[in-house]
Amino acid sequence: MQESTLARSIRRDLSRQLTGAINDATTYPAVRITVLQSLSTLWARLLSLKDALYQDLGLNPEQPLFYFYMKGGNAFDCVINPAGPAVTQQGGGKSDWDTQIVVDPWAPIPIQNHIYAVIEDLILDELRNCAVEIARWNPEITSPDQLRSQQSALLYLYEVTRDEQQTIRQVFDHNRTGLWLNTQRKLSDKTMPGAELPGMIFNDGIEPFQLFRLGYTWHAEPLQWPTPPLPGQSMGPQIERPLLMELIDVTLPRLNTVEAVEVWDDLQSGHMQIDPIGVSLQYQGTTITQTLPLPSLVYHFDEQVLMLSEVAAGVSKSVDKVARRFARLTAIYNAGTPLQQADYQSRMAASAGIPVAQLPVRPPVVGAINTLLTNNGAGTDLAAAPSTPQYMAVNMMYVIANRQLPYDGEQSQAGRQTMALMIGGLLPPLTISDVGASDDLALYSTIVRNGYISTDPFPGSGIDMAAWLRVRDASKLEDTAHLLRDSLPRWLRNRATQANVPPLTPLNQWITQTFYNKAIRVELREHTTLRQPGTSREQTLVVFCDDRAVACITLTTAIASQAPFVPDPLMPTVYLASVLDMTEQHKVAAAVIKDFCIRNALSQQFNMLNRLFPRA
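Just so it is clear, the model here is predicted, and its values are computed rather than measured.

Assigned secondary structure in the protein consists of 19 helices and 19 strands. For a compact globule of 616 residues, the expected C-alpha radius of gyration is about 25 Å, and the protein comes in at 26 Å, within 12% of that figure. Its C-alpha atoms put the protein at 80 × 60 × 50 Å along the principal axes. Taken across its 616 residues, the protein has 54% of its residues classed as buried. Within the protein, contacts between residues at least 6 apart in sequence are counted, and of these 73% link residues at least 24 apart. Approximately 27300 Å² of the protein is accessible, and the part contributed by carbon and sulfur atoms is 52%.

Closest axis-to-axis distance for the helix α8 (residues 297–313)/helix α10 (residues 338–352) pair is 10 Å, and the angle between their directions is 30 degrees. Considered as vectors, α8 and α10 are oriented roughly parallel to each other. Crossing handedness for the pair α8 and α10: right-handed. Touching L297, V298, F301, D302, V305 and S309 of α8 are Y344, R347, M348 and S351, all from α10. The residue inventory of the contact of α8 with α10, partitioned by class, reads six nonpolar, two polar and two charged.

A separate point is the nonpolar core. The biggest cluster of nonpolar side chains holds 66 residues, and the ones touching the most others in it are F66, W97 and I119. It is helix α5 (residues 109–137) that provides the largest number of residues to this core, a total of 13 residues.

Another aspect to go through is a negative patch on the surface. On the surface, a cluster of negative charge is made up of D145, E159, E221 and E240. By the element assignment, E221 lies in strand β8 (residues 209–222).

The topology assignment puts D595 in the loop between α18 (579–592) and α19 (596–612). On the accessibility criterion, D595 (2% relative accessible area) is buried. One polar contact links the side chain of D595 to the main-chain amide nitrogen of C597, over a distance of 3.1 Å. A distance of 3.2 Å separates a polar atom in the side chain of D595 from the backbone nitrogen of I598. Look past the residues within four positions of D595 in its chain and what remains in contact with it is A350, S351, G353, R403 and R548.

Turning to the pattern of salt bridges, a few remarks are in order. For side chains bearing opposite charge, pairing can occur when the charged atoms are close. Under the defined criterion, the tally for this structure stands at 25 salt bridges. One salt bridge connects R213 with D249, and the closest N-O pair in it is separated by 2.9 Å. With R213 in strand β8 and D249 in strand β10 (residues 243–253), this pair connects stretches of sequence that are 36 residues apart. The residues R213 and D249 share a single accessibility class, namely buried. In this structure, the salt-bridge partner of R531 is D581, at a minimum N-O distance of 2.7 Å. Of the two residues, R531 sits in the loop between β15 (520–530) and β16 (535–545) while D581 sits in helix α18, which places them 50 residues apart along the sequence.

As enumerated under the stated definition, the model contains seven aromatic pairs in all. Relative to F515, the ring of W510 has its centre 5.7 Å away and its plane inclined at 85 degrees; by these criteria the two rings are edge-to-face. On the basis of relative accessibility, which here comes to 2%, the residue W510 falls in the buried class. Members of the aromatic cluster, each reached through a chain of ring pairs, are F301, Y333 and Y344. Its guanidinium or amino end placed over the ring of F209, K71 lies 5.9 Å from that ring's centre, counting from NZ or CZ. Across the ring face of F544, the terminal group of R521 is positioned such that the distance to the ring centre comes to 4.1 Å.

What follows covers helix α13 (residues 389–402). Here α13 is 14 residues long and its end C-alpha atoms lie 20 Å apart, about the 20 Å a rise of 1.5 Å per residue gives. The element α13 is largely enclosed, with a buried count of 12 among its 14 residues. Every buried residue belonging to α13 is among P389, Q390, Y391, M392, A393, V394, N395, M396, M397, Y398, V399 and I400, and all of these are buried. The inward-facing, buried residues of α13 abut α8, α9 (322–335), α10, α11 (367–375), α12 (379–382) and α19.

About the thresholds
Residues numbered from 1 in each chain as written. Predicted model: local features only at pLDDT ≥ 70, side-chain atom pairs only at ≥ 80, totals over all residues. Heavy atoms only, no water. Helix = DSSP H or I, 4+ residues; strand = E, 2+ residues; numbered from the N terminus. Rg over C-alpha atoms; globule rule 2.2 N^0.38 Å. Buried < 20%, exposed > 50% of the residue type's maximum accessible area, 1.4 Å probe, protein only. Contact = heavy atoms within 4.5 Å. Areas by Shrake-Rupley, 256 points an atom, 1.4 Å probe, with all protein chains shown as cover. Axes fitted to C-alpha atoms, helices over the stretch in contact; angles between N-to-C directions. Parallel < 35°, antiparallel > 145°, perpendicular 65-115°, else oblique. Left-handed = near helix turned anticlockwise from the far one by under 90°. Nonpolar A, V, L, I, M, F, W, Y, C, P; charged D, E, K, R; others polar. Core = buried A, V, L, I, M, F, W, Y, C linked by side-chain atoms within 4.5 Å. Patch = residues over 30% accessible without salt bridge, like charges linked within 9 Å, V, L, I, M, F, W, Y side chains within 5 Å. Salt bridge = Lys/Arg side-chain N within 4 Å of Asp/Glu carboxyl O. Lys, Arg positive; Asp, Glu negative; His and termini not counted. Charge placed at Lys NZ, Arg CZ, Asp CG, Glu CD. Polar contact = N/O pair within 3.5 Å; in protein donor to acceptor, adjacent residues only side chain to side chain. Phe/Tyr/Trp six-rings, centres within 6.5 Å; stacked < 30°, edge-to-face > 60°. Lys NZ or Arg CZ within 6 Å of the ring centre and 35° of its normal. Expected span 1.5 Å × (residues − 1).

Below, the structure is given as structure tokens:
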């Protein structure tokens, strides 16, 4: 039975109350100490694992392979106030610890598979060690027999009970196993008969993350209020799913996902930094400190921007946390220097796909956003004064909510013609041997040819000029990419000036609309693709006009037998890049593009391709 919106909201609220109780260092110091020690040990074991991988697999030690860091509310509390009680007294705060491990998405697939496998084993082993150690302390896990949940104007009452024996539950990925598997077994330790260990969950069946969780499960039953009930007191719905009293969450962006590439690019580019910070708590007059890897405030700001963007686009699963997102974004912004605040503004503008100068200007108001914010406790943010971070964040949400990226095959044809003009007018003769289109029209043709996925509505990306270009001489790959990066903005500006002469042909109208009088810049990323019988090298360029992505060009050294371009079934004179290459280009573009609407569309297209032609 599908869970109702109200039941889900109540369940999550009750879970938050239980999680806050178990992570209170004053009430359960032994539990908090053990969790901190386990996180520090997990970090140390991951660093040792990395050294072992370098040695056992003969890997280059200059390749980082993977990163591990804390995230979520505890990590935020520690970095926003490094001398505050969360860092010095509470073991990081009053909630469960959320963590993440990101594996290099550009490593060869066999190496990635091996890294994921050994990391999964290590996490499960360490979480079990943590569960056993908590049981040795024998904490008396208690909670009020009854908990309340306020939902809008109504108040609900529930009886909550902890499951007598916790379990380890494993949910496996259907794409990898071929079966829907959900196994569950009781969790115990033979050295401590009858001891109550926290339970564990390993969920490999959700997209786009693998989830490992340590905590206790509870169940809730709705109760009648004593008669006569007071105004606002109401009988709640049945809650079938367990409540979660969480201690540790570890997530891994799944192999071959846009999410893995996005986070990896932020780490590699230096936008996101991870620093070792000592986190302490007080226990019986002693200060206990463990060092944990904590990301910088820029990471947390980007996280709030992403969450608010998801709310605006209607794809968020945590709308009820929107007020908390505003509060954290505001705290980070107000703590920044003028230079940092300018950077934060550019990040909000990038997510909205607008120039930063446009961010302080109120766009058309979206009534649905106003209602959503008001109903979820963010009414004061909606009423914030101009120039405040809340005001600009609301502007960002209005822009995203109003954005439309309809699919238009004619625009892609104009982009293809412009690509041909660029190759002939900017590159030396015979530089490119052949071209495979990878624009929205190319993807549409590929989906139509398969026949199993509906193309109505088709997720347009707004990038009308996209292709793979095969370089004739592999030794000229980098030189050709640098030539395009340095010369393309001026060539496009000149071409737009030439095109802006009435009467405008459809091609000239598209060129003028896309490039004329725009600030044009190009970002370049290099990457590799595992093929038969070897690895090809690629250079992908993303073209931005007024900070909005409009074109994506990938140069490749792959020969025709490695990366064949196939005839378009709808336009036989045109060749299309392969599905493998379309997905690779989408991954790279999504890492470079910060525009939420375009990146979300690219992610939808990427997932569409993976459903039809899974790589791993």
